Structure formats: structure tokens, C-alpha cells
Amino acid sequence: MIGRFAPSPTGPLHFGSLVAALGSYLAVRSVGGKWLLRVEDLDPPRVVPGAADEILNLLDYLGFAWDGDIVWQSQRYDYYHEMLSELDRSGWLFRCSCSRREILASAPHSGEEGPVYPGTCRRGPVKPEGQTAIRIRVPDEIVAFCDGIQGGQKQNLEREVGDFVLYRADGQFAYQLAVVADDIAAGVTQVVRGADLLFSTPRQIFLYRCFGRVSPDYYHLPLALGASREKLSKRDGPKVVVTKNNGGALMWEALKYLGQDPPLALRGAPPGDILGWGLRYFCLANIPADNMIVDFC
Ligand code: GLU
């Protein structure tokens, strides 16, 4: 089994990302599998300088041990180009000149992540002379899968999302392509991550099919919420940001959050001991599905 943790270096490691790191680590390592680390620094304007090194140092300090070399998405543009060309040969891709505003204006209805793309440029870009994005044409079919935590899921890609972007008009590869390309390259068989990515998963499964590959098993962890019921972020105060000082205590809280039952006496123990307890006693089936407000901050 091969699992992975793929943080985006858009800020410091916070409790929500620690839950994802811990969940993905224990799920695969407690059964003797490999755990890989990938820095998702694909989108330069969102990358915070120094954040990646800080996250990696902290993970190391907390006792997480990864297999192989760390993958940096910013260094893999050639590989993403190759993967995009592979899809292009199959005839599923098209150039699109629509701006977000135009899509909003002509979209039949709103999907969870903005308007559903109405297929405007399927037969060729309406304004071919400008910068164009590359989209993949999706079928009017349901993609269904069984998530190991959230249960049965289904989505009609054409009606709920629309043809989606793989290469942006500003010259960046889209997350959906990069994540699938990277997981394929690494042979990832188990994806454990936050439930905010549940809605993206059918798009990713569709891409696996386009590449003629078998998709991994998916486990979407409940999202840690702040008092405002929004996904936890550093806006929720300094206590949610993981540091060397609070790392052990937050790891203990993260185990509780994942439905495990670490002994109270372990709360003040060194992070490595808490992780060691997790490796021995972790039970994937105990992870709850519902998002929860984090009340210790
Ligand atoms: N980089 C994404 C995040 O930090 C995770 C992507 C994934 O696990 O597929 O939310």
C-alpha cells in the first residue's frame, strides 16, 4: 500500500492539516505501507515563501518518517506536459477562451465550486487569438465511488461540474491534473485527505479512467471547523497553528479528532511517543464522517 500527504505551502501547518497528515500516515503505516510526501507548490501566487520548509521541518520534528524523496510540484512541469499530451492524443481536450465572467453569465446553474461550464468552446475557442485554457470534455454520466469514511458518492460531471480546466489561461497546470499525474507516477493506492476534496474526487477518478489507470481507494476525513463553522484556518487564532511547543498536544488532539482513544497520560508525552501509540492502536474504522468544531482552541 502506498499513501501520501500533499500539503499546499500556502501558510503554516495548522490543526486541520495535521489531522490530514496523521490520518494518511497512520492509515498506511499501521499496516506496513509506504507514506510519501509531496509539496503542492503549483500555484506560485498562493505559495508563501518559507512555508514548505517550515511544514517539512515540523513533520520531521513530530516524528513523521516519509519514504523516498519529497516531490515538489513546481519542478514537474515537463511531466505534466507529457500527461496533458497523452490526454490530448485521445481527443478529449479543447481550448477555451471564456473568462470566468462569461461562464458565470452563460452557465445554466451553479455547481459547488462556481458555475457549471456550459460547453461554450467545445467546438473551438470563441476567441482563438487570446490566451486560452485547456479543458477536458466530460460525459453526461454518473461517476460513483465508495469513500472509506464518507460512504457512497456519486456525481454527474457534465451536470454538476462541466468540462473542467487542466491547463489554465495563465500558463499553470490545474490541481486536478497535477494531483492525478503525481499519484499515478508514485503508484499511490490510498488517498486519505480532508473532506473539502470530496467534490473533486469524481473529476480525478474520471482522469484516471482517461489515462487507463485504476484509481486509488479514497478516505475523506471530517473537516476540522472553527467556531464560525468554517474550515479551520490560522484566522482561528494562534492555538491552531502547529509549533514545536504545542505539536505533541495537538497530535494527541488530532488522534482524538480521528476517533481514536489515546490515554490522557500521553497528552504531555514527546510527539514521537504519541505517534508510536497511534501506529500500534490506530483503527481506520473509528474515524467519524461528520465535520466537527474544534473546541480546544
Ligand atoms: N494540497 C491539497 C491541500 O493541501 C491536498 C491535495 C490532496 O490531498 O489531494 O488541501
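Now for a look at the structure at hand. Since the model is a prediction, treat every value here as computed from it, not as a measurement.

Calculation notes
Counting from 1, residues in each chain are numbered in the order their sequence is written. Confidence filtering applies because this is a predicted model: local features only for residues at pLDDT of at least 70, side-chain atom pairs given and counted only at 80 or more, and all residues used for totals across whole chains, interfaces and linings. Water and hydrogen atoms were dropped before computing side-chain values, which therefore reflect all heavy atoms in the structure. The pairing criterion for strands is at least two bridges between them, as found by DSSP. Only DSSP runs of H or I with at least four residues qualify as helices, and only runs of E with at least two residues qualify as strands; both kinds are numbered from the N terminus onward. For every residue, the accessible area obtained with a 1.4 Å probe (protein chains only) is divided by the maximum for its type, and the residue is called buried under 20%, exposed over 50%, and partly exposed between those limits. Residues are treated as being in contact if the distance between any of their heavy atoms lies within 4.5 Å. Definition of nonpolar core: a set of buried residues of the types Ala, Val, Leu, Ile, Met, Phe, Trp, Tyr and Cys, connected through side-chain atoms within 4.5 Å. To be near a molecule or strand, a residue needs just one of its heavy atoms within 4 Å of it. The definition of a polar contact used here is a pair of N or O atoms within 3.5 Å, where within protein one atom must be able to donate a hydrogen and the other to accept one, and adjacent residues in sequence count solely through side-chain atom pairs. All accessibility values rest on the Shrake-Rupley procedure with a 1.4 Å probe; residue burial counts only the protein chains present in the view. Classification used: nonpolar for Ala, Val, Leu, Ile, Met, Phe, Trp, Tyr, Cys and Pro, charged for Asp, Glu, Lys and Arg, polar for all others including Gly. For this analysis, a salt bridge means a side-chain nitrogen from Lys or Arg found within 4 Å of a carboxyl oxygen belonging to Asp or Glu. Axis definition: a line fitted to C-alpha atoms, limited for helices to the stretch in contact. Angles are taken between N-to-C directions and run from 0 to 180 degrees. When an angle is under 35 degrees it counts as roughly parallel; over 145 it counts as roughly antiparallel; between 65 and 115 it counts as roughly perpendicular; any other value is oblique. In this scheme the handedness of a crossing depends on how the near helix is turned from the far one: anticlockwise by less than a right angle means left-handed, clockwise means right-handed. What counts as a ring pair is set by centres within 6.5 Å for rings of Phe, Tyr and Trp (its six-membered ring), and what kind of pair is set by the plane angle: stacked under 30 degrees, edge-to-face over 60, tilted for all other angles.

Notes on the pairing of strand 7 (residues 133–136)
- Pairing geometry for strand 4 (residues 93–96) and strand 7, over four bridges, is antiparallel. Bridging from a neighbouring strand, Leu 93 pairs with Ile 136 of strand 7.
- One ladder, built from three bridges, connects strand 7 with strand 10 (residues 164–167); its direction is antiparallel. Paired with Arg 135 across the two strands is Val 165, which belongs to strand 10.

Things to note about helix 9 (residues 271–281)
- Of the positions making up helix 9, those classed as buried are Pro 271, Ile 274, Leu 275, Gly 276, Trp 277 and Gly 278.
- Against helix 1 (15–29), helix 2 (51–62) and helix 8 (247–257) lie the buried residues of helix 9.

Quick notes on unusual backbone geometry
- Of note, the phi angle at Arg 229 is positive, near 65°, even though the residue is not glycine.
- One can find Arg 229 in the loop between strand 13 (224–225) and helix 8.
- Exposure remark for Arg 229: the relative accessible area of 59% places this residue in the exposed category.

A word on the nonpolar core
- Judged by nonpolar contacts, the single largest core of 46 residues is most densely connected at Phe 15, Leu 22 and Phe 64.
- Elements that contribute at least two residues to this core include exactly helix 1, strand 2 (34–39), helix 2, strand 12 (217–221), helix 8 and helix 9.
- With 10 residues, the top contributor of residues to this core is helix 1.
- Counting 35 residues, the second largest nonpolar core, distinct from the first, contains Met 83, Val 138, Phe 164 and Phe 211.

Thoughts on the site of the ligand
- Every residue near the ligand is listed here: Arg 4, Ala 6, Pro 7, Ser 8, Glu 40, Tyr 175, Val 179, Arg 193 and Leu 197.
- Between the ligand and Glu 40, the relevant distance is 2.6 Å, taken from a nitrogen atom to a side-chain nitrogen or oxygen of the residue.
- Here the ligand loses 79% of its free accessible area of 300 Å² to cover by the protein chains.
- Class assignment of the residues belonging to the shell around the ligand gives a composition of five nonpolar, one polar and three charged.

Some thoughts on the pattern of salt bridges
- Applying the stated criterion across every chain, the model contains 14 salt bridges.
- Among the ionic pairs, Asp 43 bridges to Arg 168, the shortest N-O distance being 3.2 Å. In this pair, Asp 43 is assigned in the loop between strand 2 and helix 2 and Arg 168 in the loop between strand 10 and helix 6 (175–186), connecting sequence segments 125 residues apart.
- Judged by relative accessible area, which is 18%, Asp 43 ranks as buried.
- Given the relative accessible area of 25%, Arg 168 is considered partly exposed.

With respect to the packing of helix 1 against helix 8
- As a packed pair, helix 1 and helix 8 sit with axes 9 Å apart at the nearest point and diverge in direction by 70°. Taken together, helix 1 and helix 8 sit at an angle that is classed as roughly perpendicular. Both helix 1 and helix 8 take part in a crossing whose hand is right-handed. Across the interface between the two elements, Phe 15, Leu 18, Val 19, Leu 22 and Leu 26 from helix 1 touch Leu 250, Met 251, Glu 253, Ala 254, Leu 255 and Tyr 257 from helix 8.

A word on the packing of aromatic side chains
- Applying the stated criterion to the full structure yields 13 aromatic pairs.
- Look at Tyr 77 and Phe 173: their rings are 5.8 Å apart centre to centre, the planes differ by 75°, and that puts the pair in the edge-to-face class. Note that Tyr 77 is positioned in helix 3 (residues 77–89) and Phe 173 in the loop between strand 10 and helix 6, a separation of 96 residues in sequence.
- According to the relative accessible area criterion, Tyr 77 is partly exposed, its value standing at 25%.
- Taking 5.1 Å as the distance between ring centres and 40° as the angle between the ring planes, the aromatic pair formed by Trp 277 and Tyr 281 counts as tilted.

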